[in-house]
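Chain by chain, the residues:
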Amino acid sequence: MLTDRKFVATIMAILALLCLVQADDAQARRRKMVINSVDMTGVDQNARLRDIYWPRGSGVAYLYSSRPWFGALIDIDGDGIFSDTVVVNQKASEMKPGYIDPADGTLKWAEPWTSLNTDLTVNETDLAGWPGCFMVDGEPDLRGDQDLVVTVQDMTSSTFESAPYKIGIQFMMHIWAFKRDASKDFVFIENTAINRSAYIQDTEAPIQTGPFDWKECYFAQRIDPDVGPNYNDDRSGFMKEKNLGFTFDRNFDDAGMEIGFMGVRLLKTPEVAGQELGLTNWTSIQNASSNYIVPDPTDDNTQYRIISAAPGQVLDPIYDPSKEFQFSGVTGDTRQIIVSGPFDMAPEDEQSMVMGFLFAYGVNDQPKYDTDEDVVGELGNLVETADAVKLFYDLGPAAKGPPAPSLSLIPGDSKVTLEWDEVQMVPANPNIEIVEYKVYRSFNAAGLDPQGNSDYELMGTFEGGSASHYSVVDTAPELINGWPVYYSITVVDALSGELGDLLGAGRQESEPLFSLANKVTPRS
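1. Quick word on the overall build of the chain
- Helix and strand content of the chain: 7 helices and 32 strands.
- In the chain, which comprises 524 residues, the proportion classed as buried is 57%.
- A fraction of 69% describes how many contacts in the chain between residues 6 or more apart in sequence connect residues 24 or more apart.
- When the accessible surface of the chain is summed, it comes to about 20600 Å², and 48% of that surface belongs to carbon and sulfur atoms.

2. Regarding helix H6 (residues 380–395)
- Look at H6: 23 Å from first C-alpha to last across 16 residues, which is about the 22 Å you get at 1.5 Å a residue.
- Taken together, the buried positions of H6 are occupied by Leu382, Val383, Thr385, Ala386, Ala388, Val389, Phe392 and Leu395.
- Buried residues in H6 make contact with strand E12 (186–195), strand E14 (234–239), strand E15 (244–249), strand E18 (261–268), strand E24 (350–360) and helix H7 (497–503).
- Taken from the residues just after H6, glycine 396 is the one with a positive phi, measuring 65°.

3. What about the environment of glycine 401?
- With respect to the secondary-structure elements, glycine 401 resides in the loop between H6 and strand E25 (408–412).
- Residues glycine 401 and isoleucine 434 lie 33 residues apart in sequence; the distance between their C-alpha atoms is 9.5 Å.
- Contacts of glycine 401, omitting those with residues within four sequence positions, involve Asp145, Lys179 and Arg180.

4. Quick notes on unusual backbone geometry
- In this structure, the amide linkage connecting glycine 210 to the following residue, proline 211, adopts the cis form with an omega of 0°.
- With respect to the element layout, proline 211 can be found in the loop between E12 and strand E13 (214–225).
- The phi dihedral of serine 414 is positive, around 55°, even though this residue is not glycine.

5. So, the pattern of salt bridges
- For the structure on display, the rule yields 17 salt bridges.
- With its nearest N and O atoms 3.6 Å apart, the salt bridge here joins aspartate 296 to arginine 222. Taken together, the residues aspartate 296 in the loop between strand E21 (281–286) and helix H4 (300–307) and arginine 222 in strand E13 connect sequence positions 74 residues apart.
- Because the salt bridges share partners, they merge into one network encompassing Arg222, Asp224, Asp296, Asp333 and Arg335.

6. Re the packing of aromatic side chains
- The final tally for this structure, using the stated rule, is 29 aromatic pairs.
- Ring plane angle 85° and centroid distance 6.4 Å describe the contact between phenylalanine 248 and phenylalanine 327, whose orientation is recorded as edge-to-face. Placement of the pair is phenylalanine 248 in strand E15 and phenylalanine 327 in strand E22 (residues 325–327), with a sequence separation of 79 residues.
- Cluster of aromatic residues (ring-pair linked, three or more members): Trp176, Phe178, Phe186, Phe188, Phe392 and Tyr393.
- When the ring centre of tryptophan 176 is taken as reference, the NZ or CZ atom of arginine 143 above it lies at 4.9 Å.

7. Examining the pairing of E21
- Across the 6 residues that make up E21, a large majority, 6, are buried.
- Burial of the side chains of E21 extends over both faces: Asn281, Thr283 and Ile285 are buried on one face and Trp282, Ser284 and Gln286 on the other.
- In this sheet, strand E23 (residues 334–345) lies alongside E21 in antiparallel orientation, the contact comprising 6 bridges. Along E23, the bridge assignment pairs isoleucine 285 with arginine 335.

8. Considering the environment of alanine 110
- Mapping alanine 110 onto the fold places it in the loop between strand E7 (107–108) and helix H3 (124–128).
- Sequence separation between alanine 110 and valine 152 is 42 residues, and the spatial gap between their C-alpha atoms is 8.3 Å.

9. Focus on the sheet that holds strand E26 (residues 415–421)
- The sheet built from 3 strands is open, its strands ordered E25-E26-E29 with antiparallel pairing. Each having just a single partner strand, E25 and strand E29 (469–474) make up the two edges of the open sheet. Along the sheet, successive strands turn relative to each other by an average axial angle of 15°, direction set aside.
- Across 6 bridges, E26 lies against E29 in antiparallel orientation. Across the sheet, leucine 418 pairs through a bridge with valine 472, a residue of E29.

10. Brief notes about the confidence of the model for the chain
- Predicted confidence across the chain gives a mean pLDDT of 81, with 82% of residues reaching 70 or more.
- Throughout residues 1–31 the model reports pLDDT below 50, and contacts reaching past four residues in sequence, or to other chains, amount to 109 contacts.
- Across residues 113–122, where pLDDT falls below 50, the model places 36 contacts with residues more than four positions away in sequence or in other chains.

11. Focus: the environment of arginine 222
- Of the residues examined, arginine 222 reaches a relative accessible area of 5% and is grouped as buried.
- Taking the C-alpha atoms as reference points, arginine 222 and serine 65, 157 residues apart in sequence, are found 8.5 Å from one another.

12. Thoughts on the side chain of aspartate 147
- Here aspartate 147 lies in strand E10 (residues 146–153).
- Despite its burial, aspartate 147 remains without a salt bridge, the nearest opposite charge being carried by arginine 143 at 5.6 Å.
- Of note is the side chain of aspartate 147, whose polar atom sits 2.8 Å from the backbone nitrogen of arginine 143.
- A polar contact is formed between the side chain of aspartate 147 and the backbone nitrogen of glycine 144, at a distance of 3.2 Å.

13. Thoughts on the sheet that holds strand E11 (residues 169–177)
- The strand order E5-E10-E11-E12-E24-E18-E15-E14-E22 describes an open sheet built from 9 strands, whose pairing is antiparallel. Two strands lie at the open edges of the sheet, namely strand E5 (96–97) and E22, each paired on one side alone.

14. Section: the nonpolar core
- Counting 50 residues, the largest nonpolar core has Phe70, Ile169, Phe171, Trp214 and Phe357 as the members making the most contacts within it.
- Counting residues in hydrophobic clusters, the runner-up holds 30 residues, among them Phe186, Leu382, Ala388 and Leu499.

15. Observations concerning H4
- Residues of H4 that are buried: Asp300, Gln303, Tyr304, Ile306 and Ile307. For H4, the angular spread of buried residues about the axis comes to 160°, placing them on one side.
- Looking at the buried positions of H4, the neighbouring elements they touch are strand E3 (61–74), strand E4 (84–88), E13, E21 and E23.
- Downstream of H4 by a residue or two, alanine 309 has a phi angle that is positive, lying close to 50°.

What counts, and where the lines are drawn
Residues numbered from 1 in each chain as written. Predicted model: local features only at pLDDT ≥ 70, side-chain atom pairs only at ≥ 80, totals over all residues. Heavy atoms only, no water. Helix = DSSP H or I, 4+ residues; strand = E, 2+ residues; numbered from the N terminus. Buried < 20%, exposed > 50% of the residue type's maximum accessible area, 1.4 Å probe, protein only. Contact = heavy atoms within 4.5 Å. Areas by Shrake-Rupley, 256 points an atom, 1.4 Å probe, with all protein chains shown as cover. Expected span 1.5 Å × (residues − 1). Salt bridge = Lys/Arg side-chain N within 4 Å of Asp/Glu carboxyl O. Phe/Tyr/Trp six-rings, centres within 6.5 Å; stacked < 30°, edge-to-face > 60°. Lys NZ or Arg CZ within 6 Å of the ring centre and 35° of its normal. Pairing = 2+ DSSP bridges. Axes fitted to C-alpha atoms, helices over the stretch in contact; angles between N-to-C directions. pLDDT = per-residue confidence, 0-100. Lys, Arg positive; Asp, Glu negative; His and termini not counted. Polar contact = N/O pair within 3.5 Å; in protein donor to acceptor, adjacent residues only side chain to side chain. Core = buried A, V, L, I, M, F, W, Y, C linked by side-chain atoms within 4.5 Å. Arc of directions from axis to C-beta.

And the structure:
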């Protein structure tokens, strides 16, 4: 348990950003995952993942958006019959930022953190603003080397897809990633739903009064991939053994770009009587402007019938748990729907789903795709990555790297003195050895080149464990009095013991992170 506030701040210094959802989508889209190969723009106010490119810097898109769907039957008129269908989170207007605190019923964390992430650093101000709903034992719930959190709800909303009903849902999204090479191609997403129907705030008809139970609930994730520049030639499939949905470009090539798979592995599902339900439905829908068998639903009843696999509902495909592989029946602008249910939720009950979003190329340099069997034969790398997803999820915080130290920058006459303290692993981890520190320098205020790649150059490498305090003087001829310079520091570690056996004992380095806070101007 982390008790020292300075240490928590140090841990968080290696995170590129931590955020609440923003009321302004343009602000939310600046929130990025930046520590590995998965280039994810961030989230918007509907708890949607947005704009994933892979590998970082390639310009190859894989995901337009992905968001949770939650469907339930409720009793609107109080006659004891749960016959009113409500599915939330289809449209952005259904969700509003904020967290309803059950302690006093007030809405909290509904406004943007105006002081947060303006320079991609985490400081004491950010730490003080960390939302209490993402705390464990009074400390931030940090699961990876970078964490991003979002909380939205429908209690204060007034606009809905097809019927003016709400269920009083609190969505909480936690996204995290690790910096290690073995985890460079995936991120984790946990969606949690809480029954907060007691706090519905209606100011116009129909006036709903809570709290009330939710019956026959289904928790789903709608994944809308756009694989490559042409999003109208994608297909989706599912592998039962790995709980792995995947989408691919029909011929693995768009405009001469090398295209791989985007996968979603289901890791945790809602529980009934202490037992996880597991995956209960996988299917696909399509954009109605593309080729389609099942077009995007536009009303709650159709959405609910799709996620619940209702008898008579057209599905593509109808999920068959006896089959190891299944594929969508059409090539087009496709979406995957991954579902678990049914279950009931009383007021203040909560349920969650955890997934890994992962990426890999086909086995062959020129992937085969003429038949479904050909596509299955190309899945080897994706399956290996899916296994790594499960490994890192099971390891949890034990897979995290050491925290990068905080830099102190002292300007001089055409020089800069850089100081930092030796990193201490708290609690100590005998399987992680700090080998060295790498210091990077940039003269670019953006920290990135025009292509969006890091504009830092390696200034020097310094042996770990050689001192409790480091002081290094940069006298490079490029340092000119009056011209600002930016620095970034990373930690290189080596793994041993159980972690080395599981993840490989090679050295691992965090990606240099740009920070306006690490700016200094030499002066005479």
